[in-house]
Amino acid sequence: MRDPALVEEDLIEIASIADDLTKFERIVTWCTIHPDEVPFALKILMNRSHPPKPPQD
């Protein structure tokens, strides 16, 4: 697996694409090229959409 920073950089680049069809095509291509990184990418995306909650006092 590549460096996690590179994986995240790829995901950010794909996320910045405005056209949905182009974005979808890039996601499919990325997953095809890097199948071993897909679970890690999903974990990154899930953590971004659900940031950890701060501890309650």
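For the structure, check the block above.
This section reports on the structure supplied with the text. All values derive from a computational prediction rather than experimental measurement.

Considering the side chain of Glu37
Logical step 1: Position of Glu37 among the secondary structure elements: in the loop between helix H2 (20-33) and helix H3 (38-49).
Logical step 2: Note on Glu37: relative accessible area 2%, which makes it buried.
Logical step 3: Not counting chain neighbours up to four residues away, the residues in contact with Glu37 comprise Met1, Arg2, Val7 and Trp30.

Observations concerning the pattern of salt bridges
Logical step 1: Evaluated as defined, the whole model comprises three salt bridges.
Logical step 2: Arg2 serves as the salt-bridge partner of Asp10, at 2.6 Å between the closest nitrogen and oxygen.
Logical step 3: The exposure class assigned to Arg2 is partly exposed, which follows from its relative accessible area of 26%.
Logical step 4: A salt bridge links Glu13 to Arg26; its shortest N-O distance comes to 3.1 Å. Taken together, the positions of Glu13 in helix H1 (residues 4-15) and Arg26 in helix H2 put the pair 13 residues apart, joining distant regions of the chain.
Logical step 5: On the accessibility criterion, Glu13 (41% relative accessible area) is partly exposed.

Concerning the side chain of His34
Logical step 1: Secondary-structure assignment places His34 in the loop between H2 and H3.
Logical step 2: According to the relative accessible area criterion, His34 is buried, its value standing at 17%.
Logical step 3: Apart from the residues within four sequence positions on either side, His34 is in contact with Arg2 and Asp10.

Some words on a nonpolar patch on the surface
Logical step 1: On the surface, Leu21, Phe24 and Val28 cluster together to form a nonpolar patch covering roughly 300 Å² of accessible area.
Logical step 2: Secondary-structure assignment places Leu21 in helix H2.

Re H1
Logical step 1: In this model, H1 (twelve residues) spans 16 Å end to end at C-alpha, consistent with the 16 Å of a helix rising 1.5 Å per residue.
Logical step 2: Taken as a whole, H1 has its buried residues at Val7, Asp10, Leu11 and Ile14. The buried side chains of H1 occupy one side of the element, clustering within an arc of 95° when seen end-on.

Describing the nonpolar core
Logical step 1: Among the nonpolar cores identified, the biggest contains six residues, and these are Val7, Leu11, Ile14, Trp30, Ala41 and Ile44.
Logical step 2: When residues of this core are traced back to their parent elements, those giving at least two are H1 and H3.
Logical step 3: At three residues, the largest contribution of residues to this core is made by H1.

About the thresholds
- Residues numbered from 1 in each chain as written.
- Predicted model: local features only at pLDDT ≥ 70, side-chain atom pairs only at ≥ 80, totals over all residues.
- Heavy atoms only, no water.
- Helix = DSSP H or I, 4+ residues; strand = E, 2+ residues; numbered from the N terminus.
- Buried < 20%, exposed > 50% of the residue type's maximum accessible area, 1.4 Å probe, protein only.
- Contact = heavy atoms within 4.5 Å.
- Salt bridge = Lys/Arg side-chain N within 4 Å of Asp/Glu carboxyl O.
- Patch = residues over 30% accessible without salt bridge, like charges linked within 9 Å, V, L, I, M, F, W, Y side chains within 5 Å.
- Areas by Shrake-Rupley, 256 points an atom, 1.4 Å probe, with all protein chains shown as cover.
- Expected span 1.5 Å × (residues − 1).
- Arc of directions from axis to C-beta.
- Core = buried A, V, L, I, M, F, W, Y, C linked by side-chain atoms within 4.5 Å.

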